[in-house]
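Secondary and tertiary structure notes
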Amino acid sequence: MYYKFSGFTQKLAGAWASDAYSPQGLRPVVSTEAPPIIFATPTKLSSSSIAYDYAGKNTVPELQKFFQKSDGVPIHLKRGLPDQMLYRTTMALTLGGTVYCLIALYMASQPRNK
């Protein structure tokens, strides 16, 4: 007896030999011709490659020299006041969040008074 997978019951079911050897999705190919071309216009190959400079001047070497200079300032504070403001704001938010979490844990650990 031959079996094939039933897509309806999701189980093996009895089948004829021709059905068992032609499972779902593997039917014989009807046509061996190439499909018709959708876009009939030929593609133009670019023989001249023009390089455009959208990024402007490469400033990486100057920035590398600036950040590798040993002047005793940490790397995250090298650019001055904007870096200091970002650093201090980040530290304040981190400490504030830590305090808020500790207060929330303390309040959650206390029983409610009725």
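From a predicted model like this one, the values you see are computed outputs, not experimental measurements.

Looking now at the UniProt feature "transmembrane region" (unreviewed entry) in the chain. The positions UniProt marks with the feature "transmembrane region" (unreviewed entry) are residues 85–108. Strand forms 0% of residues 85–108 and helix 100%; the C-alpha atoms that close the span are 34 Å apart.

Time to look at the environment of phenylalanine 67. Along the chain, the position of phenylalanine 67 falls in helix α2 (residues 60–68). For the pair phenylalanine 67 and arginine 79, spaced 12 residues apart in sequence, the C-alpha separation works out to 8.9 Å. With residues up to four places along the chain from it excluded, the contact list for phenylalanine 67 reads Ile75, Lys78 and Arg79.

With the rule as written, the count across this model stands at 1 aromatic pair. Centroid distance phenylalanine 66 to phenylalanine 67: 5.3 Å. Interplanar angle 75 degrees. Geometry classified as edge-to-face. Looking at phenylalanine 67, the relative accessible area reads 27%, which means it is partly exposed.

Now for the pattern of salt bridges. Across all of its chains, the model carries 2 salt bridges by this definition. Lysine 57 is the salt-bridge partner of glutamate 62, the closest N and O atoms lying 3.9 Å from each other. Two residues, aspartate 71 and lysine 78, come together in a salt bridge whose shortest N-O distance is 2.8 Å. Aspartate 71 gets classed as partly exposed once you look at its relative accessible area, which sits at 42%.

Bringing the pairing of strand β1 (residues 2–5) into the picture now. The sheet contact formed by β1 and strand β2 (residues 12–15) spans 4 bridges and is antiparallel. Within the sheet, the bridge partner assigned to lysine 4 lies in β2 and is alanine 13. Taking the residues between adjacent antiparallel strands as the criterion, β1 and β2 are bridged by 6 residues, where glutamine 10 takes a positive phi near 60 degrees.

How each quantity is defined
- Residues numbered from 1 in each chain as written.
- Predicted model: local features only at pLDDT ≥ 70, side-chain atom pairs only at ≥ 80, totals over all residues.
- Heavy atoms only, no water.
- UniProt positions renumbered as here; feature names shortened; annotations may be inferred.
- Helix = DSSP H or I, 4+ residues; strand = E, 2+ residues; numbered from the N terminus.
- Contact = heavy atoms within 4.5 Å.
- Phe/Tyr/Trp six-rings, centres within 6.5 Å; stacked < 30°, edge-to-face > 60°.
- Buried < 20%, exposed > 50% of the residue type's maximum accessible area, 1.4 Å probe, protein only.
- Salt bridge = Lys/Arg side-chain N within 4 Å of Asp/Glu carboxyl O.
- Pairing = 2+ DSSP bridges.

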